[in-house]
Structure formats: structure tokens, C-alpha cells
Amino acid sequence: MSTSLQSFSTLKGAYIPTTFPISTAAEVEQVLQDAAAASIPFGKKTFIERAEFLEAIADEIMELGDALLEKTLEETALPLARLTGERGRTCTQLKLYANLLRNGSWCDAVIDTAMPERQPLPRADLRRILQPIGPVLVFGASNFPYAYSTAGGDTASALAAGCPVIVKAHESHLGTSELVAKAVLRAAEKTGMPKGVFASLVGTGPILGQQLAADERIQAIGFTGSYKAGMALYTTATQKRKTPIPVYAEMSSINPVILLPELLAQKTAFIAAALAGSICLGVGQFCTSPGLIFALDDEATQSFAAELATALAAVLPATMLNPQICNTYYANKKQLVNTKNVKILFEGSELSEVFQATPALLQTTALHFMANPSLQKEIFGPCSLLVVCKNQQELYAAIATMEGQLTGSVYGSTEELIQHQQLVDTLQQKVGRLIFNNVPTGVEVCNAIVHGGPFPATTDARTTSVGPEAIRRFARPVCYQDCPEALLPLYLRNSNKAGILRLVNGILTIEAVA
Ligand code: NAP
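Residues numbered from 1 in each chain as written. Predicted model: local features only at pLDDT ≥ 70, side-chain atom pairs only at ≥ 80, totals over all residues. Heavy atoms only, no water.

Engineer: Please set out the overall build of the protein chain residue by residue, giving values where relevant.
Structural biologist: When you go through the protein chain residue by residue, the secondary structure sums to 16 helices and 23 strands. The C-alpha radius of gyration computed for the protein chain amounts to 25 Å, which stays within 12% of the reference 24 Å derived for 514 residues, consistent with globular compactness. Counting only C-alpha atoms and orienting by the principal axes, one finds that the protein chain spans roughly 75 × 60 × 40 Å. Burial status across the protein chain gives 57% buried among its 514 residues. Pairs at least 24 residues apart make up 75% of the contacts formed inside the protein chain by residues separated by at least 6 positions. Accessible surface for the protein chain amounts to roughly 21600 Å². Of this, 56% is attributable to carbon and sulfur atoms. (Helix = DSSP H or I, 4+ residues; strand = E, 2+ residues; numbered from the N terminus. Rg over C-alpha atoms; globule rule 2.2 N^0.38 Å. Buried < 20%, exposed > 50% of the residue type's maximum accessible area, 1.4 Å probe, protein only. Contact = heavy atoms within 4.5 Å. Areas by Shrake-Rupley, 256 points an atom, 1.4 Å probe, with all protein chains shown as cover.)

Engineer: Give me the sheet that holds strand β8 (residues 165-168): which residues, what numbers.
Structural biologist: If you walk across this open sheet you meet the five strands as β9-β8-β7-β10-β11, and the pairing is parallel. Each edge of the open sheet carries a strand with a single partner, namely β9 (198-201) and β11 (247-250). Taken over all neighbouring pairs, the strand axes of this sheet differ in orientation by 15° on average, direction set aside. As judged from the four bridges shared by strand β7 (residues 136-139) and strand β10 (residues 220-224), these two strands associate in the parallel manner. Bridging from a neighbouring strand, V138 pairs with G222 of β10. (Pairing = 2+ DSSP bridges. Axes fitted to C-alpha atoms, helices over the stretch in contact; angles between N-to-C directions.)

Engineer: So what's going on with helix α16 (residues 421-430)? Residues and values would help.
Structural biologist: Residues of α16 that are buried include every one of L423, V424, T426, L427 and K430, and no others. Burial along α16 is one-sided: seen end-on, the buried residues are contained in an arc of 160°. Relative to its buried face, α16 has exposed residues pointing more than 90 degrees away, namely Q422 and Q429. Contacts made by the buried residues of α16 are with β12 (256-259), α14 (392-400), β19 (405-411), α15 (414-419) and β20 (431-436). (Arc of directions from axis to C-beta.)

Engineer: Residues and numbers for the nonpolar core, please.
Structural biologist: If you look at the biggest cluster of nonpolar residues, it comprises 111 residues, and the most contacted ones within it are F53, I57, F294 and L395. A domain split of this core shows at least three residues from each of domain 1 (24-110 + 128-251 + 464-473) and domain 2 (256-436). The contact partners of F294, leaving out residues within four places of it in the chain, are P256, V257, I258, L259, F369, V387, C389, L395, A398, I399 and M402. Within the second largest apolar cluster, 24 residues are counted, among which are L264, I271, A309 and L386. (Core = buried A, V, L, I, M, F, W, Y, C linked by side-chain atoms within 4.5 Å. Domains from an automatic or database assignment.)

Engineer: Outline unusual backbone geometry, supporting the account with residue identities and numerical values.
Structural biologist: Residue P120 is bonded to the preceding Q119 through a cis peptide linkage, with omega at 0°. Of note, P120 is situated in the loop between β5 (110-112) and β6 (126-132). The peptide bond linking F455 to P456 adopts the cis configuration, its omega dihedral lying at 5°. Note that P456 resides in the loop between β20 and β21 (475-481). Phi at N255 takes a positive value of approximately 50°, unusual for a residue other than glycine. Tracing the backbone through its elements, the reader meets N255 in the loop between β11 and β12. The class of N255 is buried, set by a relative accessible area of 0%. Here the phi dihedral of N505 falls at roughly 45°; this positive angle occurs in a residue that is not glycine. Following the sequence through the fold, N505 ends up in the loop between β22 (502-504) and β23 (507-509).

Engineer: How would you summarise the packing of helix α10 (residues 268-280) against helix α11 (residues 299-313) if you had to cite specific residues and measurements?
Structural biologist: For the pair α10 and α11, interaxial distance at closest approach is 9 Å and the crossing angle is 40°. Relative to α11, the element α10 is oriented oblique. Judged by the sense of rotation from one axis to the other, the crossing of α10 with α11 is right-handed. Taking contact as the criterion, the partners of T268, A269, I271, A272, L275, A276, I279 and C280 in α10 are, on α11, A300, S303, F304, E307, L308, A311 and L312. Partitioned by chemical class, the residues of the contact of α10 with α11 number 12 nonpolar, two polar and one charged. (Parallel < 35°, antiparallel > 145°, perpendicular 65-115°, else oblique. Left-handed = near helix turned anticlockwise from the far one by under 90°. Nonpolar A, V, L, I, M, F, W, Y, C, P; charged D, E, K, R; others polar.)

Engineer: Please give an account of the pattern of salt bridges that cites residues and values.
Structural biologist: The tally for this structure, following the rule as stated, stands at 17 salt bridges. Close ionic contact of R186 with E60 constitutes a salt bridge, the shortest N to O distance being 2.9 Å. You can see R186 sitting in helix α6 (residues 174-190) and its partner E60 sitting in helix α2 (residues 47-63), a full 126 residues away along the chain. According to the relative accessible area criterion, R186 is partly exposed, its value standing at 34%. According to the relative accessible area criterion, E60 is buried, its value standing at 7%. Put simply, R217 and D215 hold a salt bridge, and the shortest N to O gap is 2.9 Å. Of the residues examined, R217 reaches a relative accessible area of 25% and is grouped as partly exposed. (Salt bridge = Lys/Arg side-chain N within 4 Å of Asp/Glu carboxyl O.)

Engineer: Give me the lowdown on the site of the ligand, citing residues and values where you can.
Structural biologist: Around the ligand sit 23 residues, and of these S142, G205, S226, M251 and C287 come closest. The contact in question runs from an oxygen atom of the ligand to an N or O atom on the side chain of K168, over 3.0 Å. With the chains in place, 89% of the 860 Å² that the ligand exposes on its own is no longer accessible. When contributions to the shell around the ligand are tallied by element, the ones reaching two or more residues are α7 (205-214), β10 and α8 (227-239). Of the domains in this structure, domain 1 (24-110 + 128-251 + 464-473) and domain 2 (256-436) are the two that each give at least three residues to the shell around the ligand. (Near = heavy atom within 4 Å. Polar contact = N/O pair within 3.5 Å; in protein donor to acceptor, adjacent residues only side chain to side chain.)

Engineer: I'd like a description of the packing of aromatic side chains, backed by residues and values.
Structural biologist: Under the criterion given, the structure shown has 12 aromatic pairs. Measuring from centroid to centroid gives 5.0 Å for F8 and Y15, while their planes differ by 90°, and the two rings are edge-to-face. Arranged with centres 5.7 Å apart and planes meeting at 90°, the rings of Y248 and F474 form a pair that is edge-to-face. With Y248 in strand β11 and F474 in the loop between β20 and β21, this residue pair connects regions lying 226 residues apart in the sequence. When its relative accessible area of 0% is taken as the criterion, F474 is described as buried. Among the aromatic residues, those joined into a cluster by ring pairs are F8, Y15 and F355. Of note, R82 hangs over the ring of F144, and the distance from its end group to the ring centre comes to 4.8 Å. Its guanidinium or amino end placed over the ring of F270, K267 lies 5.6 Å from that ring's centre, counting from NZ or CZ. (Phe/Tyr/Trp six-rings, centres within 6.5 Å; stacked < 30°, edge-to-face > 60°. Lys NZ or Arg CZ within 6 Å of the ring centre and 35° of its normal.)

Shown next, in the form of C-alpha cells:
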């Protein structure tokens, strides 16, 4: 059995010479022990101390400079401009959680003071706050080597919540992962964080990933990747352990785009160009890539289909992240092409030998879409399926059969959108983010964002993996009853020295408790 892993460069068509030893059983055990031991001291660090740690991680990542970008370019084939942007986004995420901690109010501090005189029974002093859940296992994503990987959103939000993090490095970008992991460890040391607050391990998903997920010391899992791996982890975490734990897996989404007829007729070329750009963005290797387009059977849709096919035909082939993703793209596309009642509007040549993808646009009818659930399978790459609906009823029925998605887009004039309120309501039930007159790619890192959605887009529709709300995934409410002031968490003490917003006896206030 192999004792080391290597990343493959699809740009060079060869393995990168650097080898990464698979973490030994002793190393894995030590990391788990350290993470468990770090839980209490790290959880007790003040919000400001944790904020300083996150800010230091951002600084250390930036300190890596071009060496990091060049390593990731070699490992992922993602262009430098994209990587530079993603690195910035990753640091913005870290700082977003730092700001959340500095503000402090995220922890939902609630105080109901004692009512000793209450009749017929006195009320105890009850104080509630969100506390860290414990060590979190994070699986980095191949398609976001920074923003959803070693120091990405899952790691940043778990650390912000006060949870030690163990990362299972993605085989696709082991060198990137190592550089970023070292940056996190340097930041931890500089800011005085306890040993065990962070570690990154090397190994395969089915072996190391499963072992970690099954370990009782792990208290939650953050994952982005395939449905198959996500569900394998979900099964382990919820059914094969003595103690089931939450799994926040973002897995499979095809992001339906509905084109209402009036606006489509008015802006056919504009919408076709926007969708071509979105389908091919990042070689279609985005969880928000538009894999399904719905439109009515009319002249505007025919013109749109022709325009979109022409736009896709003009897109140059582009290198994919790794050979497996490339092969899976062509295999899944072939399966779709060979599906009964699916016709090709445009299909580029197969270039899997050089790990490049060419776009494809396929078409089916709403009746066939509804009859064949396999048409809802994610095809990771620049491929989209146009579903032509005979009439409004068919369109509504097709949307009602959709599985859960990260996003759903509707293009329509304001009048049309109001007229189709019922359709919008149905789509809302299926998605985490409802988009009007725009493409699904592009996830803003901000307070209001939701990057999540009903199964199978994720394993928990109540949360988001991007934005401040993501911190709640790794915290749980704890209530302190008649707890002596000195033992209370800092943020529940009478004085409110941190000046955070608290709900005291039903009133939101920053005042101290009298
Ligand atoms: P993946 O195969 O799901 O791998 C993600 C991580 O999970 C890797 O660290 C992998 O380890 C691990 N893993 C794999 N099988 C596992 C198992 N049985 N138990 C525990 N962990 C396991 O995803 P990927 O490599 O990033 O891409 C493959 C496919 O995933 C794509 O073709 C695409 O369909 C999908 N994908 C979807 C999204 C999305 O956001 N929707 C994003 C990325 C990828 P190894 O390194 O050993 O494989």
C-alpha cells in the first residue's frame, strides 16, 4: 500500500514530484488527542483573542505571496487572476468572522435574572450562550483550493466558534494545503493559541477521512465535494458512531434557471451571453454552475437556444482541476447525451487526454425531464440541459419535481414575475438563494448570503456555509442556572465588559445587569 500521495498537474500532464507522506496512525492519534485537549482552553479564549488569531491567519496567507499562487496554479490549473481573487476572498472571510467576534453579539447571550419572590414558585437565574461544539473535521474542496479548503469558510467559522479544526487535505492540491496549514499554525503560535487548535492530515478519503469521521472526539464535519463522498461521511457520522454528530456537507446542485417568455423575447442575446459565461466560468467547476435551463416552447426560446449554442461553441477548451474530475465530466455528459429524448444542441470534442473540457448544450422536454430523475444528476463541468416546456402548467410541474438546490434563478419582467408568483414560491421551497434576472455563479461573502439549500444540495438546509451565519453550525446553546458570577462565561457576567448586545429580561441591551 502506498505510504505517500502526490498531486497531479493537469497543466503539465504529470504528477508533481513532491510527495506527501500519508499521516501515520500515531500522528493521527496525536492530532485527535491534541484537538480534544485544546477544546476547553481554545473555547475559553476571548472573542478578541480568537479574532486576532483569524486576522493573523489572513496576514500569514498573504505573507506567502506569489509562492502560494504559483503552487496552486501548478496543482489546480486555475488561472492566476482567479486564484488571486480567491485568496482575497479567503482573507475577507477570515476577517468577516474576526469582525463578528469583535462585535460579540453573534453568541446570542440571553439573561433571565432570578425572581426569588415570584409566586407560586421563585425563578432561578438562567443565562444562555452559544458555546463551541468541539473538534471539527473539515474536508477541503478541489474546486476552491483556498476559500473552501484548509483555511476556508468551514475552518474559519469553526475556529471563530471556538472549535479546534482538523483538516483532511485534498489530494488535488496537497502543496497548497501544506503551505496554508503552516500559515495557520504560525498564526496560532504568534497569537498564543493552545497546541492542537489546528492540524492538517494527509491520507485518502475512504481510509483517513472515514477514520476521522468515526472517531468519537470529532464533534462536527464540514464538507464540500461529491454526493457520493458527502453521503458516505453522513452515514458514518450519523449511523456508525456511538454518538451521532452533525454533518454540514455541500454536495450536489444544478442550479435551475427559469426564463419567462416576455423578458426572454426582449433580451434573448443578452441572456444567452450571460448564461454562456456562467456555464463556462471556472470550466463549469462551480457548485453554482447553471446545469438546467427552463423555457417555454416558443420562438424566443428557439432563438435563445441557437444563440447560447453559438456562444458556447466559441469558448476555448480549458484545463480542468484533476484527471478524475475531467474523466467524470465526459463520462456523465456521455450518459446524458445517450439518454433517450435528449438531443444535442452543441457538443465540443472530447479532450480528456489533455484534461481539457469543452462545453455542451443539450435539450429535452419537460415531460421527459419529469419522467427521468437521472436528468437531475450534477454534471461537474461546462454542460447545461435546456428543458423546453409546452406551456405554463408544464413549467410549473417541472419545477415542482426539482430536488433541493443551492440556487434558483428566474429571468422575467417585474410584471411577469408578479404574474408567476406561484412559480417563484415553488422555486423558493427548493433553494437556498433565489436569484432574479441574474446567473447563479458568484457567491458574495456578506452578512445576508445563504450558500446552502435543501437536500441533496446539502445535508442540512437550516444553515449556510458562507457568511456569518455559518458560525452557528459549530456552536450549541448552553444554559447556566444559578451559576456563580465568577464561573459564568465572560459574556454572561453582570458587568458586560465586552459591551455586547444581550437580551436581558426580554430587552435587547448593552447595559450591565444591575
Ligand atoms: P470528492 O471526491 O467528493 O472528494 C472530496 C473529499 O472527500 C476528498 O478529500 C476525498 O478524499 C474525500 N472522500 C472521498 N470519498 C470519501 C469517502 N468515502 N469517505 C470520506 N471521505 C471521502 O470531491 P472532489 O474530488 O472535489 O470532486 C469530485 C466530484 O465532486 C466532482 O466531479 C463533482 O461532481 C463533485 N464536486 C461537487 C462540488 C459542489 O460544490 N457541488 C464541489 C467539488 C466537487 P480523496 O482526496 O481521497 O479523494
